[in-house]
Amino acid sequence: MKMPVPDAALIARKAEIVRALQQIVPGEHVVSAASELVPFESDGLSAYRQAPIAVVLPETTAQVAEVLRWCQANGVKVVPRGAGTSLSGGALPLADGVVVGLSKFNRVLEVDYPNRCAVVQPGVTNLAITGAVEAEGFYYAPDPSSQIACTIGGNVAENSGGVHCLKYGLTTNNLLGCELVLMSGEIVRLGGKAMDADGYDLLGLVTGSEGLLGIVTEVTVRILPKPETAKAMLLGFASVEDAGGLVGDIIAAGVIPAGLEMMDNPAIRAAEAFVGVGYPVDCAALLIVELDGPQAECDELTGHIRALAAVRNVTFERVSKSEAERQAFWAGRKAAFPAVGRIAPDYFCMDGTIPRGKLPQVLARITELSGHYGLGVANVFHAGDGNLHPLILYDVDIPGDLEKAEAFGADILKLCVSVGGVLTGEHGVGVEKRDLMSEMFDETDLACQQRVKCAFDPGLLLNPGKVFPVLHRCAELGRVHVHRGKLAFPDLPRF
Amino acid sequence: MSNAPTLEPATPEEVLDAVAEAGAKGRRIEIVGGGTKRSVGSVERTDLVLSAARLDRIIDYAPDELVLTAQPGVRLADLEARVAEQGQMLAFEPPHWTRLLGATGQPTLGGVLAANVSGPRRVRAGAARDHFLGFEAVSGRGEMFKAGGKVVKNVTGYDLMKLMAGSWGTLAVLTEVTIKVLPAPRAETTLMLFGLNDTRALEAMGVAMNGPFEVSGAAHLPPFAAKASPMKAEMAVTAVRLEGFEASVTARAEALAAALRPFGRIETLDAGHSRPFWKQVREVEALADDPRPLWRLSLPPASGWRGPEQLAGDALYDWAGGQVWLRTEALPDRIRAVVANLGGHALCLQGGEAFTARSGALGALQARVKAAFDPLGVLNPGRMEGRG
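Here the structure is a predicted model, which is why all the values come from computation and not from measurement. (Residues numbered from 1 in each chain as written. Chains lettered and ligands numbered in written order. Predicted model: local features only at pLDDT ≥ 70, side-chain atom pairs only at ≥ 80, totals over all residues. Heavy atoms only, no water.)

Engineer: With reference to specific residues and values, describe the overall build of chain A.
Structural biologist: Per the secondary structure count, chain A includes 18 helices and 18 strands. Relative to its length of 495 residues, chain A is compact, with a C-alpha radius of gyration of 24 Å against a globular reference of 23 Å. Expressed as lengths along the three principal axes of its C-alpha atoms, the size of chain A is roughly 65 × 65 × 60 Å. Out of the 495 residues in chain A, the part that is buried amounts to 62%. For chain A, the share of sequence-separated contacts (at least 6 apart) that also reach a separation of at least 24 residues comes to 72%. Surface summary for chain A: the accessible area is close to 17400 Å², and the carbon and sulfur share equals 54%. Considering chain A, the positive charge centre built from 41 side chains and the negative charge centre built from 58 side chains are found 3 Å apart. (Helix = DSSP H or I, 4+ residues; strand = E, 2+ residues; numbered from the N terminus. Rg over C-alpha atoms; globule rule 2.2 N^0.38 Å. Buried < 20%, exposed > 50% of the residue type's maximum accessible area, 1.4 Å probe, protein only. Contact = heavy atoms within 4.5 Å. Areas by Shrake-Rupley, 256 points an atom, 1.4 Å probe, with all protein chains shown as cover. Lys, Arg positive; Asp, Glu negative; His and termini not counted. Charge placed at Lys NZ, Arg CZ, Asp CG, Glu CD.)

Engineer: Give a detailed account of the pattern of salt bridges, specifying residues and quantitative values.
Structural biologist: One pass over the full model with this rule turns up 49 salt bridges over all chains. Among the ionic pairs, B:E143 bridges to A:R451, the shortest N-O distance being 3.2 Å. Taken together, the residues B:E143 in the loop between β7 (132–139) and β8 (144–148) and A:R451 in helix α17 (residues 443–456) connect one chain to another. The two residues B:E143 and A:R451 agree in class, both being buried. With a shortest N-O distance of 3.3 Å, B:R124 and B:E214 are connected by a salt bridge. You can see B:R124 sitting in helix α4 (residues 122–125) and its partner B:E214 sitting in the loop between α6 (198–209) and β12 (215–221), a full 90 residues away along the chain. (Salt bridge = Lys/Arg side-chain N within 4 Å of Asp/Glu carboxyl O.)

Engineer: Got a sec to walk through the interface of chain A and chain B? Specific residues and values, please.
Structural biologist: Tallying the contact residues gives 102 residues for chain A and 88 residues for chain B. Buried surface at the junction of chain A and chain B, both sides included, amounts to about 7800 Å², of which 59% is carbon and sulfur. In this assembly, chain A and chain B are joined by 6 salt bridges. On the surface where chain A and chain B come into contact, there are 28 residue pairs in polar contact (both at pLDDT 80 or more). Listed by contribution, the elements that provide at least two residues to the side of chain A that touches chain B are α7 (165–168), β9 (187–191), α8 (202–206), α9 (240–252), α11 (295–311), α16 (437–440), α17 and α18 (474–478) of chain A. In terms of residues, the side of chain A that touches chain B owes the most to one element, α17(A), which gives 9 residues. Class assignment of the residues belonging to the side of chain A that touches chain B gives a composition of 48 nonpolar, 28 polar and 26 charged. (Buried area = accessible area lost by both parts, 1.4 Å probe. Polar contact = N/O pair within 3.5 Å; in protein donor to acceptor, adjacent residues only side chain to side chain. Nonpolar A, V, L, I, M, F, W, Y, C, P; charged D, E, K, R; others polar.)

Engineer: Tell me what's going on with the sheet that holds strand β2 (residues 29–32) of chain B, and back it up with residues and numbers.
Structural biologist: Residues and elements named next belong to chain B. The 3 strands are arranged β1-β3-β2 in an open sheet whose pairing can be described as parallel. Each of the sheet's edge strands pairs with one partner strand only, and the pair in question is β1 (6–7) and β2. Pairing of β2 with strand β3 (residues 48–51) involves 4 bridges; the strand directions are parallel. Bridge pairing links E30 to V49 in β3. (Pairing = 2+ DSSP bridges.)

Engineer: An account of the nonpolar core is requested, with residue identities and associated values reported.
Structural biologist: Counting 169 residues, the largest nonpolar core has A:F456, B:F135, B:L160, B:L163 and B:F373 as the members making the most contacts within it. Counting residues per element, this core draws most heavily on helix α15 (residues 401–418) of chain A, at 9 residues. In this structure, B:L160 is in contact with A:L205, A:Q449, A:V452, B:F135, B:F145, B:A147 and B:F373, ignoring residues within four places of it in sequence. (Core = buried A, V, L, I, M, F, W, Y, C linked by side-chain atoms within 4.5 Å.)

Engineer: Got a sec to walk through the pairing of strand β14 (residues 285–293) of chain A? Specific residues and values, please.
Structural biologist: Residue and element names in this part refer to chain A. Among the 9 residues of β14, 9 are classified as buried, and the element is accordingly described as predominantly covered. Because side chains alternate across β14, one face comprises the buried residues A285, L287, V289, L291 and G293, and the other comprises L286, I288, E290 and D292, equally buried. Note that strand β12 (residues 229–237) and β14 share 9 bridges and pair antiparallel. Along β14, the bridge assignment pairs T229 with G293. Pairing of strand β13 (residues 259–264) with β14, which is carried by 6 bridges, proceeds in the antiparallel orientation. Bridge pairing in β14 places D264 opposite A285.

Engineer: How would you sum up the pairing of strand β10 (residues 215–222) of chain A? Please name residues and give values.
Structural biologist: Residue and element names in this part refer to chain A. Where burial is concerned, most of β10 is hidden: 8 out of the 8 residues are buried. The sheet contact formed by strand β6 (residues 117–120) and β10 spans 4 bridges and is antiparallel. Bridging from a neighbouring strand, V119 pairs with T220 of β10. Relative to β10, strand β8 (residues 175–181) is paired through 6 bridges, and the arrangement is antiparallel. Considered in β10, the bridge of E179 is made with E218.

Engineer: For helix α12 (residues 360–373) of chain B, give the residues involved together with the corresponding values.
Structural biologist: Over its 14 residues, α12(B) runs 21 Å from end to end, which matches the ideal 20 Å to within 8%, given 1.5 Å per residue. All of the buried residues along α12(B) are B:G363, B:L365, B:Q366, B:V369, B:K370, B:A372 and B:F373. Residues of α12(B) that are buried make contact with β9, α8 and α17 of chain A together with β7, β8 and α5 (160–164) of chain B. (Expected span 1.5 Å × (residues − 1).)

Engineer: Just give me the short version of the confidence of the model for chain B, but keep the residues and values in it.
Structural biologist: Here chain B averages 95 in pLDDT, while 99% of its residues score no lower than 70. For this predicted complex, the interface confidence comes out at an ipTM of 0.97, alongside a pTM of 0.96. (pLDDT = per-residue confidence, 0-100.)

Engineer: Which residues make up helix α12 (residues 323–334) of chain A, and what values do they have?
Structural biologist: Residue and element names in this part refer to chain A. The end-to-end C-alpha distance of α12 is 16 Å, a good match for the 16 Å that 12 residues give at a rise of 1.5 Å each. For α12, the full list of buried residues reads E325, R326, F329, W330, G332 and R333. Taken end-on, α12 shows its buried residues confined to a sector of 150°, consistent with a single buried face. (Arc of directions from axis to C-beta.)

Engineer: Quick one: what's the story with unusual backbone geometry, residue by residue and with numbers?
Structural biologist: Outside of glycine, negative phi angles account for most residues, and trans bonds account for most peptide bonds. The backbone of A:R116 shows a phi angle near 55°, a positive value even though the residue is not glycine. Its location among the elements puts A:R116 in the loop between β5 (108–112) and β6. Phi is positive for B:W319, close to 50°, though the residue is something other than glycine. Mapping B:W319 onto the fold places it in the loop between β16 (314–318) and β17 (323–327).

Engineer: Tell me about the packing of aromatic side chains, and please be specific about residues and values.
Structural biologist: Considering all chains together, one arrives at 12 aromatic pairs over all chains under this definition. Measuring from centroid to centroid gives 6.2 Å for A:Y139 and A:Y168, while their planes differ by 85°, and the two rings are edge-to-face. Of the two residues, A:Y139 is situated in strand β7 (residues 138–139) and A:Y168 in helix α7; the sequence distance between them amounts to 29 residues. Among the residues examined, A:Y139 registers a relative accessible area of 14% and is labelled buried. By relative accessible area, A:Y168 is classed as buried at 14%. With a centroid separation of 5.9 Å and 45° between ring planes, the pair formed by B:F132 and B:F135 is classed as tilted. Assigned by exposure class, B:F132 and B:F135 land together as buried. Above the face of the B:W319 ring, B:R122 is positioned so that its terminal group lies 5.6 Å from the ring centre. Above the face of the A:Y200 ring, B:R358 is positioned so that its terminal group lies 5.7 Å from the ring centre. (Phe/Tyr/Trp six-rings, centres within 6.5 Å; stacked < 30°, edge-to-face > 60°. Lys NZ or Arg CZ within 6 Å of the ring centre and 35° of its normal.)

Written as structure tokens, this is what we have:
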């Protein structure tokens, strides 16, 4: 993985840049000493590290605007950062850029129950939104595994998902508005508390734009009444085909469960060794099915799914009888990443999505690739929506292992695309999948996306080196090419 | 409306050639699907009408994967029938609005997505934009491009589907779209309250929306609207719909009835009556065939009633107050100002300029986004710009 060559002249201006930032954001909110920059060197994709020129931690929208305006005027690149939990390197600093951290934006500004929304600052954690509204029986639905730490600003940037997004949608489906600071320092408000806005849906466009279009300084999210109850089922199978088949059967029966997760045998074993909640370690595949809603619905659907599972030769079956037991069923799945972290020094988490029907074929090929590269792999899978998370195990201290793991990961993602899927279901492109974008998109597709970038940030100063494999200057992209001379309708009047 | 010649390309390549040629020769194109929403927003003088009528194939439908890929000219009614055969639906419940807008054609999937129109289930299932997974299109630059994917969960690259949804054909001509489909509910029931004024009705809908009832429709019909068929009620009707599996609907209906008891007598519509009721809400039938300008107000739901309160006219409330339909002679500037003050926006669907003119940093940004896709202004020129 290569980043654009840093601009040595900018790095040499460090003292001046730090002084300018300190004038805009006074106090201790500019971090520039080498030792203090270490915590900011990477995000959740810790294989890659880079110290920035400085980190600035503004407290107000006006300061964010002033910082961006100054950086634009001085050609300084900017990397926005929330809690730094991104799994794709979206918040990886640049050697010749500054990091704008939003951690001081940590207040819930307003909870509006009559309009079922909350207005929060971007540094508020995902879980804290639910914390602010749960006493009134509400919650914020998207629940990425890192929800205790990850911030809503980061969720907007990455369009984060979670185990419940099959039924409740990703971040983009749960937002109403935001305040956005452009690289020019201009401040715009997108959406509000109404269910749509006029003009182009820039809120939808900015969501999932990975910090390339602007810095979000306020977010209005939808909050939902909490379901009356929730129930989880553990279903074990002797084959991945049976488990995958049941997922299709459940959906064909008209059931969209609140969560529908699958783990393969290595993942089951790792999780069970870590949390010991009674997962069946001899099963080839384990499904966790969560149902929520009225008690009557959970009971009806549990019975229905048990009947379907029997047809698919289920070998292990448990239904949660209490809230504590439901949480325990999830504990292993939610701890799958750290659990795998205990069986290997390092791992990469992939994030492709595939048509669900291709699951057995894709898992079989991943097993072959695992043999080919001599690296272990454990699979956890948002089975309901086809979002695969193979965890590739490696040891960075073994020479060549990192490169092998990168190549293995790339092969998996190419495989996902080749069966009709996509590179990333919820983690984002970042730096990790940047060089694979051409597997999915041709040059014209990418040019169309980059022109959107140019409409927001013509100087390409905001988070460059992420998402797009090649940076084209905006002037070059803006040219209009007269298309080939061949006409399809020679008989038409040509005016 | 344009009197320009109409071109009906049969392939995406023919669309590409038509747009590229127009760009090269400085000509401008109006894009139509079924033409049902053609009167919304004035397109400036155009040289050519590009119809998607012949791009009407369903390309791939995988019920198990919850995705469907089609050409944009596929008729909405045909598509709905096709997915219904598999017990599925377009969950955002797209309105047809043919009678409402006095249209003669048939709405198409491309038109529904380009206008981002959604029916009563919007409160639970989201809007058209939330079900739009991927597309291929020809930009105003005369380039064929794609975005998104054909799976239900994808964050690869910018979400250009959101940008296309509600762009009214001003950025690109869609040539293929992939949408999410969902299982249709097995059961439904509607609870009705009677004689509530607008404020009280919005309170009642708020109680329904704020409890664990999974409401999939909340509408209020004042007396003039309730009088019409099929309700033929003597007083205002406030309706809340529940959908899902039988046992669940029964349990939720019981709990919801208890929560709504302070608002008066409750009657229930069974599925056979609930379906036509919500169809007429979706189609805004009570406000069809009326010569006054027709406005759609999008407002924070709890403030919904305050729009009509300040603007004389007849109003209908959908989306628990978040979408207000209004027939009024009030001046457009006043309507837009009142609605903006309440934190919403207004769209005029009949009898006036549809869109609000945009200014400031946001207006300039929107113009740059338009220019990114259509720098020469080939596609639907002027349609979303608004006047005055």
